[in-house]
Amino acid sequence: MNDIAYKPDDLIAEDIDAYLDQHQHKSLLRFITCGSVDDGKSTLIGRLLYDSKMIFEDQLASLEADSKKVGTQGEEIDFALLVDGLAAEREQGITIDVAYRFFATEKRKFIVADTPGHEQYTRNMVTGASTADLAVILIDARKGVLTQTRRHSYLAHLIGIRNIVLAVNKMDLVDYDEGVFDDIVSDYRDFAAEIGIEDFLAIPLSGLKGDNIASRSDATPWYDGPALLDHLETVGVDYDRLREQPFRMPVQWVNRPNLDFRGFSGTIAGGRIAPGDKVRVAPSGKLSTVERIVTMRGDLDEAVAGQSVTLTFEDEIDCSRGDVIAAADAPPEVADQFEATIVWMDEHAMLPGRPYILKTATNLATATITDEKYQIDVNTMEKAPGKTLELNGIAVCNISIDKPVPFAPYDENPDLGGFILIDRMTNATVGAGMIHFALRRSQNIHWQAIDITREAHAAQKNQKAKLLWFTGLSGSGKSTIANLVEKKLHAMGKHSFLLDGDNVRHGLNRDLGFTDADRVENIRRVGEVARLMTDAGLIVLTAFISPFRAERQMIRKMIPEGEFIEVFVDTPLDVAEARDIKGLYKKARAGELKNFTGIDSPYETPQNAEIRVNTVEMTAEEAAEYIVDQLFGGRGA
């Protein structure tokens with residue numbers, strides 16, 4: 001190897017500021033490599049790093065040593081080892097996590113994400129693709145278009161990547177046969193048309209030998225297109241398209257360093273802005289005029305999509321994090337219900353009706369999946385109905401959130417049309433989504449103002465509305481205790497109503513079973529009914545197993561603060577099973593009753609219940625008396 005070729009740029013040692021300034025003014029292209037297992041993604045990236053002179057002496061020495069020890073290319077350098085950093089990857093010779101690498105040429109800077117090919121790591125591939133401008137989809141020339149090739153092509157298109165490079169790799173292993181290349185390109189073109197990919201560039205190459213990577217290869221005289229690196233240096237990036245759109249900037253931070261300055265900071269998601277431009281803040285609709293565009297390097301005369309800036313206005317208007325500053329004559333849509341495609345990224349299945357945190361741009365909202373329209377098999381492109389969504393699953397769903405937010409369809413503006421879903425209990429990112437459009441109902445249905453408030457209804461009954469939520473295992477005594485509590489409330493002259501789990505399933509929820517998804521919907525419906533009853537000023541009692549904390553928390557959020565009282569009827573499983581008044585545990589143990597809580601479906605015990613009663617230590621009557629005392633401080637209160 002020629003060590004001189006790999007020594008650092010002399011400018012680094014001579015003038016580091018000049019070197020950094022040189023790179024600052026280059027455009028940045030983010031791209032991913034994806035495809036089937038062993039198509040050569042990591043080797044290709046390693047070769048790009050090598051050919052762009054981004055490997056230094058110590059790295060080269062380490063690479064040569066590692067190639068001899070764990071490499072897969074015999075005595076030759078295994079370029080994949082530059083990227084496959086995890087020990088498990090090197091041992092298995094596969095990519096598991098998304099590996100990001102930076103390199104640069106004279107014309108452009110690059111960040112490349114090497115994404116895994118295995119189906120179980122689809123969520124990793126989606127993560128890598130979410131910020132990419134271009135996808136290099138590799139195909140092994142010996143194998144042709146495979147299922148994983150189709151899946152990753154579909155996902156790249158779904159994520160909104162418009163620039164696709166079909167890299168037919170390992171051409172050296174098929175003797176650089178033009179016919180093999182043409183057949184693969186023809187097969188891929190037919191598939192690409194089916195999923196909506198309108199155009200792509202096909203390049204025959206060898207990542208190991210370097211053919212058509214940094215320069216055109218003599219081994220493929222029949223190919224007249226650009227080398228891969230030439231194409232990467234000249235292809236247009238998405239910000240070029242976004243800069244021609246109407247101005248959009250999600251507010252990330254209200255910048256108030258002192259009493260004399262108030263600015264709104266964020267990254268411009270679309271269009272361009274200049275001092276004097278009229279702007280509108282969504283969703284409020286407030287109007288103002290841009291006074292200054294402030295940056296660390298001084299004020300700007302204009303800012304465009306992709307730049308991070310602070311805007312100041314000529315007058316004081318209400319604007320905060322999560323709002324979107326937009327062109328006054330072209331504001332974004334605002335809605336609280338959408339159709340979207342969701343990619344599920346968690347081990348625990350998505351459950352329609354369960355509340356999640358939705359984050360889009362800088363906005364946070366509580367979201368529920370109201371309807372799963374269909375799931376998409378990314379291997380066959382077939383659509384199928386479904387109630388839940390498992391890890392790596394993709395579905396088109398209707399989503400409802402708790403407040404109107406500014407948005408754009410994802411294919412128009414990924415920053416305003418993309419979102420993630422976060423588990424409320426663990427704060428883990430469980431899903432990613434792309435908004436298609438707002439549901440018409442979100443514009444046509446509005447809250448009707450009423451004069452008689454919930455407080456007025458409660459005052460008429462001389463009481464405060466409450467929701468007593470009894471939760472516990474089957475056989476714990478929830479219904480018995482709730483019934484006794486209501487009798488005591490009735491004797492005290494209180495206006496109450498008891499919603500019992502079994503009774504509700506005879507009518508309102510008779511269409512629901514006992515799967516996790518149906519249990520979530522069961523509790524959601526009961527919560528909505530209970531909320532209406534508390535609006536009427538009633539003290540509502542509910543007796544439901546309600547096994548999941550997330551759904552109990554969902555109901556708590558529905559009810560005004562202080563009115564939701566969680567009553568945990570704490571009974572050990574062995575005690576509840578010994579009672580088995582209805583014979584349900586016996587059936588569950590025999591396999592005759594599926595999804596039974598405590599046997600083959602989990603019960604998540606409350607962590608901070610307002611009231612806890614232990615039915616091993618207390619009789620049902622004592623428990624009921626204790627609950628009433630906790631609520632009212634004595635029978636006479």
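What exactly am I supposed to notice about the overall build of the protein here?
Counting secondary structure elements, the protein contains 20 helices and 27 strands. Considering only intrachain contacts with a sequence separation of at least 6, the fraction spanning at least 24 residues in the protein is 72%. For the protein, the accessible surface area stands at approximately 29900 Å², while carbon and sulfur atoms represent 49% of it.

For this particular structure, what's the right way to read the nonpolar core?
One broad rule of soluble globular proteins: the nonpolar side chains tend to lie buried together. Counting 41 residues, the largest nonpolar core has I32, I164 and Y188 as its most contacted members. Going through the elements one at a time, strand 1 (27-35), helix 6 (122-129), strand 4 (134-140), helix 7 (147-159), strand 5 (163-169), helix 8 (178-195) and strand 20 (394-407) are the ones with two or more residues in this core. Counting only domains with at least three residues in this core, you end up with domain 1 (10-236) and domain 3 (334-444). Apart from the residues lying within four places of it in its own chain, the contact partners of I164 are A135, I137, A156, Y188, I197, D199, F200 and L201. Among the nonpolar cores identified, the runner-up in size contains 27 residues, and I401, V405, V430 and V520 belong to it.

Looking at this structure, I do not really get the packing of helix 14 (residues 478-491) against helix 20 (residues 620-632). What am I missing?
Helix packing for two helices is described by the angle between their axes and how far apart those axes are. It is at 9 Å that the axes of helix 14 and helix 20 come closest, and there the two elements cross at 55 degrees. Relative to helix 20, the element helix 14 is oriented oblique. Pair helix 14 / helix 20 crosses with right-handed handedness. Here T480, I481, L484, V485, K488 and L489 of helix 14 come into contact with helix 20, specifically with A620, E621, A623, A624, E625, I627, V628 and F632. For the contact of helix 14 with helix 20, a count of residues per class yields 10 nonpolar, one polar and three charged.

Looking at this model, I keep getting lost on the sheet that holds strand 9 (residues 261-267). Mind explaining?
Across a sheet, strands are paired by hydrogen bonds formed along the backbone, either parallel or antiparallel in direction. With respect to topology, seven strands assemble into an open sheet ordered 7-15-11-12-14-9-8, the strand pairing being antiparallel. The open sheet terminates on both sides in strands that have one partner only, identified here as strand 7 (248-250) and strand 8 (253-258). Geometrically, the sheet is characterised by an average inter-axis angle of 40 degrees between neighbouring strands, direction not taken into account. Where strand 7 lies against strand 15 (residues 324-327), three bridges are found, and the strand directions are antiparallel. Bridge pairing in strand 15 places M249 opposite I325.

What exactly am I supposed to notice about the pairing of strand 14 (residues 308-313) here?
Consecutive residues of a regular strand have side chains that alternate between opposite faces of the sheet. With five of six residues buried, strand 14 is to be regarded as a mostly interior element. One ladder, built from four bridges, connects strand 9 with strand 14; its direction is antiparallel. Opposite G266, over in strand 14, you have V309 as the bridge partner. Where strand 12 (residues 286-294) and strand 14 come together, four bridges link them in antiparallel fashion. What sits directly across from V290, in strand 14, is F313.

I keep staring at the packing of aromatic side chains and nothing clicks. Help me out?
Any two aromatic rings considered together are summarised by their centre-to-centre distance and by the angle between their planes. Counted by the stated rule, this structure contains 13 aromatic pairs. On the basis of an interplanar angle of 15 degrees and a centroid distance of 4.7 Å, the ring pair of F103 and F110 is categorised as stacked. We classify F103 as buried; its relative accessible area is 1%. Residue F110 is classed as buried on the basis of its relative accessible area, which comes to 0%. Members of the aromatic cluster, each reached through a chain of ring pairs, are F31, F103 and F110. The cationic tip of R505 hangs over the ring face of F514; the distance from NZ or CZ to the ring centre is 4.0 Å.

Just checking my understanding: could you explain unusual backbone geometry for this structure?
Glycine aside, residues mostly have negative phi angles, and peptide bonds mostly take the trans form. For the peptide bond that leads from A282 to P283, omega is 10 degrees, which places it in the cis range. Tracing the sequence through the fold places P283 in the loop between strand 11 (278-282) and strand 12.

Sorry, what's going on with the pattern of salt bridges here?
Two side chains that carry opposite charge are able to pair once their charged atoms sit near each other. Following the criterion strictly, the structure yields 22 salt bridges and no others. Here K170 ties to D140 by a salt bridge, and the two come within 3.7 Å at their closest N and O atoms. Of this pair, K170 sits in the loop between strand 5 and helix 8 while D140 sits in strand 4; the two residues are 30 residues apart in sequence, bridging distant segments of the chain. For K170, a relative accessible area of 19% corresponds to the buried category. K387 is the partner of D518 in a salt bridge, and the nearest nitrogen-oxygen pair spans 2.9 Å. With D518 in helix 16 (residues 516-535) and K387 in the loop between strand 19 (383-384) and strand 20, this pair connects stretches of sequence that are 131 residues apart. On the basis of relative accessible area, D518 is assigned to the buried category, the value being 8%.

How do you make sense of the side chain of E339 when you look at a structure like this?
Within the secondary structure layout, E339 lies in strand 16 (residues 333-344). Of the polar contacts made by the side chain of E339, one reaches the side chain of K373; its length is 2.5 Å. Polar side-chain contacts of E339 include one of 2.7 Å to the side chain of H436. Setting aside its immediate chain neighbours within four residues, E339 contacts K373, V396, C397, N398, M434, I435, H436, F437 and L439.

Sorry if this is basic, but what is going on with a negative patch on the surface here?
Taken together, the side chains of D175, D177, E178, D182, D183, D187, D190 and E194 define an acidic patch exposed on the protein surface. Among the structural elements, E178 can be located in helix 8. Given a relative accessible area of 35%, E178 falls into the partly exposed group.

Any chance you could explain helix 14 here in plain terms?
Each turn of an α-helix holds 3.6 residues, which means side chains three or four residues apart point in the same direction. End to end, helix 14 covers 20 Å across 14 residues, agreeing with the expected 20 Å (1.5 Å per residue, within 8%). Buried residues of helix 14: K478, I481, A482, L484, V485, E486, K488 and L489, and no others. Taken together, the buried residues of helix 14 touch strand 23 (466-471), strand 24 (496-500), strand 25 (539-543), strand 26 (564-570), strand 27 (611-614) and helix 20. Backbone geometry just downstream of helix 14 places G493 in the positive-phi region, at approximately 85 degrees.

I tried to follow the sheet that holds strand 25 on my own but got confused; where do I start?
Pairing is parallel in the open sheet, where five strands are placed in the order 24-25-23-26-27. Pairing within the sheet leaves two strands with one partner each, and these edge strands are strand 24 and strand 27. In this sheet, adjacent strand axes meet at a mean angle of 15 degrees when their direction is disregarded. Relative to strand 27, strand 26 runs parallel, the two sharing four bridges. Looking at strand 27, one finds that F568 is bridged to R612. On the sheet, helix 14 packs against strand 23, strand 24, strand 25, strand 26 and strand 27 and is oriented at approximately 165 degrees with respect to strand 25. The sheet contacts of helix 20 involve strand 23, strand 25, strand 26 and strand 27, and relative to strand 27 the element is tilted by about 165 degrees.

Criteria and thresholds
- Residues numbered from 1 in each chain as written.
- Predicted model: local features only at pLDDT ≥ 70, side-chain atom pairs only at ≥ 80, totals over all residues.
- Heavy atoms only, no water.
- Helix = DSSP H or I, 4+ residues; strand = E, 2+ residues; numbered from the N terminus.
- Contact = heavy atoms within 4.5 Å.
- Areas by Shrake-Rupley, 256 points an atom, 1.4 Å probe, with all protein chains shown as cover.
- Core = buried A, V, L, I, M, F, W, Y, C linked by side-chain atoms within 4.5 Å.
- Buried < 20%, exposed > 50% of the residue type's maximum accessible area, 1.4 Å probe, protein only.
- Domains from an automatic or database assignment.
- Axes fitted to C-alpha atoms, helices over the stretch in contact; angles between N-to-C directions.
- Parallel < 35°, antiparallel > 145°, perpendicular 65-115°, else oblique.
- Left-handed = near helix turned anticlockwise from the far one by under 90°.
- Nonpolar A, V, L, I, M, F, W, Y, C, P; charged D, E, K, R; others polar.
- Pairing = 2+ DSSP bridges.
- Phe/Tyr/Trp six-rings, centres within 6.5 Å; stacked < 30°, edge-to-face > 60°.
- Lys NZ or Arg CZ within 6 Å of the ring centre and 35° of its normal.
- Salt bridge = Lys/Arg side-chain N within 4 Å of Asp/Glu carboxyl O.
- Polar contact = N/O pair within 3.5 Å; in protein donor to acceptor, adjacent residues only side chain to side chain.
- Patch = residues over 30% accessible without salt bridge, like charges linked within 9 Å, V, L, I, M, F, W, Y side chains within 5 Å.
- Lys, Arg positive; Asp, Glu negative; His and termini not counted.
- Charge placed at Lys NZ, Arg CZ, Asp CG, Glu CD.
- Expected span 1.5 Å × (residues − 1).

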